[in-house]
Amino acid sequence: MYTKPSEATLRFISDHRTENVKDLALKYAKNPDIDLLYALQQIDGWQRAKEKLPLWSENHDIIYPKHISMEQCSSEKTADYKREIVTAEQMAHPSSSASRKLLDLTGGFGVDLSYMSTVFSRAVYVEQQEYLCEVAEHNFKVLGLEHIEVVNSTAEEFLEKSKERFDVIYLDPARRDSNGKKTYAIADCTPDVVKLMPLLKAHGDRIIVKLSPMFDHHEFKRYFEGISRIHILSVKNECKETLLEIDYENPLGKVVCVNDNDVFETTMESDATLPMFREPEIGEKLFVPNASIMKAGCFAELCKAFNLVPIGKNSNLFLSDRQSHSHFPGRVFQIKAVCSLNKKELKETFKDVRQANIAVRNFPLSADEVRKRLRTVLGLRDGGETYIFCTTSGKNHIVLRTEKD
């Protein structure tokens, strides 16, 4: 049960908000005037929110839950993307916007719901942990989200009892078992979304499920019907989550790869084929797809859209001699030189380079092994404006000296 902390505890949180939590635990362990455990939880939560939820961190009335809930909650950027998804649907059907309803069956810290709910007239937060319900109810009020109803229940119990129908149902099933260990199968998540689908279909027009990027999205069609879109979300080129969007009335079967402002959309069932690979040439541009494209594996579609050619069968690096490729979802480099790992060739190719960034794709040596070799042969340090890509084209292991385009 949540109980309001004392004034002394609140002052302690305010005074020490930016300090090291471990140092505070040692220094104030015997202070009887404060609830140290609660205070440290709030300070740790605020510090995490500063990075993950900057807008929330500006509101000092927010209550932060235990570490695991903060670890699992969405970031501000991914939550905002979910709001964009439901906003786009509202714009497509403006006549029904006045009475639109949203249901979140796995409430948690409530970040996703707080963002998505702003375009709904009514929202319901469902969470089986009473403590999280109390935290969420408090936070929704201080955020001015009075239209959100908080319900302490499991997802299954709520759906079985409810007679209400919602425009959108959202779930973020826990990917850990009762012992806290990570699960690697959709059916092992809690709640079991696959088993729950008949009830979800009976209560919602559209269903959005947040899933781990560890899951293979190609397997989703084995478990789910009516897939509208699969969104693969990355932030700063790090894959964060996969969103499964189900709409039985509009099963588009699309895959949407998102990395910050880069968006690449294709179909789940594509007829595109990967072009024949070839070795790179000096002066060409090297195209490196972002993390979402890498996760989706839609390389044939990418080549077709941007007129690219792969360097090798499994290199996932691409070439083009065209000078303009605007809106490419990834990074573009200019190839300055091509060589092998032969010591003489390396010395000639990199004789004027003192620093470089190293990446390895489909290569017999790891990045660390390449880095060690280049340090030994060339005295090369990490960083700088030069980017080295080591890969395989056909039977040849090649080293590319490049610079950002």
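Residues numbered from 1 in each chain as written. Predicted model: local features only at pLDDT ≥ 70, side-chain atom pairs only at ≥ 80, totals over all residues. Heavy atoms only, no water.

Peer 1: Go over the sheet that holds strand 15 (residues 381–393), please, and point to the residues and values.
Peer 2: Taken in spatial order, the seven strands of this open sheet run 11-12-10-13-16-15-14, and their pairing is mixed. Strand pairing shows two members of the sheet lacking a second neighbour, strand 11 (309–310) and strand 14 (355–360), which therefore form its edges. Note: strand 10 (residues 285–289) against strand 12 (residues 318–320), three bridges, orientation antiparallel. Considered in strand 12, the bridge of Leu-286 is made with Leu-319. Relative to strand 12, helix 13 (residues 299–306) is tilted by about 10 degrees, and along the sheet it contacts strand 10, strand 11 and strand 12. Sheet strands in contact with helix 15 (residues 367–378) are strand 14 and strand 15, and its direction is about 150 degrees off that of strand 14. (Pairing = 2+ DSSP bridges. Helix = DSSP H or I, 4+ residues; strand = E, 2+ residues; numbered from the N terminus. Contact = heavy atoms within 4.5 Å. Axes fitted to C-alpha atoms, helices over the stretch in contact; angles between N-to-C directions.)

Peer 1: Break down the pairing of strand 9 (residues 262–267) for me, citing the residues and quoting the values.
Peer 2: Alignment of strand 8 (residues 254–259) against strand 9, held across six bridges, turns out to be antiparallel. Bridge pairing in strand 9 links Val-258 to Val-263. Hairpin connection from strand 8 to strand 9: two residues lie between these consecutive antiparallel strands, with Asp-260 at a positive phi of about 55 degrees.

Peer 1: A description of the environment of Tyr-248 should follow, citing residues and the corresponding values.
Peer 2: Relative to the elements of secondary structure, Tyr-248 occurs in the loop between strand 7 (238–246) and strand 8. Assessed through its relative accessible area of 25%, Tyr-248 is described here as partly exposed. Excluding anything up to four places from it in sequence, Tyr-248 contacts Met-197, Lys-201, Ile-207, Glu-225 and Gly-226. (Buried < 20%, exposed > 50% of the residue type's maximum accessible area, 1.4 Å probe, protein only.)

Peer 1: Account for the pattern of salt bridges, with residues named and values stated.
Peer 2: Tallying each qualifying case throughout the model produces 21 salt bridges. Between Glu-265 and Lys-254 there is a salt bridge; the shortest N-O distance is 3.1 Å. Taken as a pair, Glu-265 in strand 9 and Lys-254 in strand 8 lie far apart in primary sequence, eleven residues in all. By relative accessible area, which is 24% here, Lys-254 ends up partly exposed. With a shortest N-O distance of 3.0 Å, Asp-382 and Arg-371 are connected by a salt bridge. With Asp-382 in strand 15 and Arg-371 in helix 15, this pair connects stretches of sequence that are eleven residues apart. With a relative accessible area of 45%, Asp-382 lands in the partly exposed category. (Salt bridge = Lys/Arg side-chain N within 4 Å of Asp/Glu carboxyl O.)

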